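Architecture at a glance
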Amino acid sequence: MRHLADIRARGVAFDHAENEPGITCVAAPIVDHTGAIVAALYISGPTERMTPRLPALAERARSAGAAISARLGPPDASSAPPPAAKGAQVGTAPASTDRRTPEAGREGP
């Protein structure tokens, strides 16, 4: 739980060759208009090239994730972000940007 709290606070997660030996990754969340994390963006490469650049790459991942999230629409005022997404919410897109489908308002199957 502490590790997840650290990731939320930083806004990025790191994989220091845990998944693939010799490969390091940095990932940032992509959130939708409700503040829910719906995807992630990651940058990966050989550990020896990634390690000295991790702070700059982490900022690039955060920035790109925030830009993509903003394009998914402004935060919905009627729904608070789920606990897992606190701190992950990003800036807003213009109010006229509504990417929801017409089906989104329908009830039932």
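Above this note sits the structure.
Residues numbered from 1 in each chain as written. Predicted model: local features only at pLDDT ≥ 70, side-chain atom pairs only at ≥ 80, totals over all residues. Heavy atoms only, no water.

1. Regarding the overall build of the chain
For the chain, the count of helices and strands is 3 helices and 3 strands. When the helices and strands of the chain are placed in sequence order, the string is α-β-β-β-α-α. Looking at the chain as a whole, 24% of its 109 residues are labelled buried. Considering only contacts within the chain whose residues lie at least 6 apart along the sequence, 46% involve residues at least 24 apart. For the chain, the computed accessible surface area is about 7,300 Å², with 57% contributed by carbon and sulfur atoms. (Helix = DSSP H or I, 4+ residues; strand = E, 2+ residues; numbered from the N terminus. Buried < 20%, exposed > 50% of the residue type's maximum accessible area, 1.4 Å probe, protein only. Contact = heavy atoms within 4.5 Å. Areas by Shrake-Rupley, 256 points an atom, 1.4 Å probe, with all protein chains shown as cover.)

2. Points about unusual backbone geometry
Backbone geometry follows two general trends: most residues other than glycine have a negative phi, and most peptide bonds adopt the trans configuration. One non-glycine residue, Ala17, lies in the positive phi region at around 65 degrees. Within the secondary structure layout, Ala17 lies in the loop between strand S1 (13-16) and strand S2 (23-31).

3. Remarks on the side chain of Asp15
When you line up the elements, Asp15 lands in strand S1. Beyond its immediate chain neighbours, meaning those up to four positions away, Asp15 contacts Ile23, Thr24 and Cys25.

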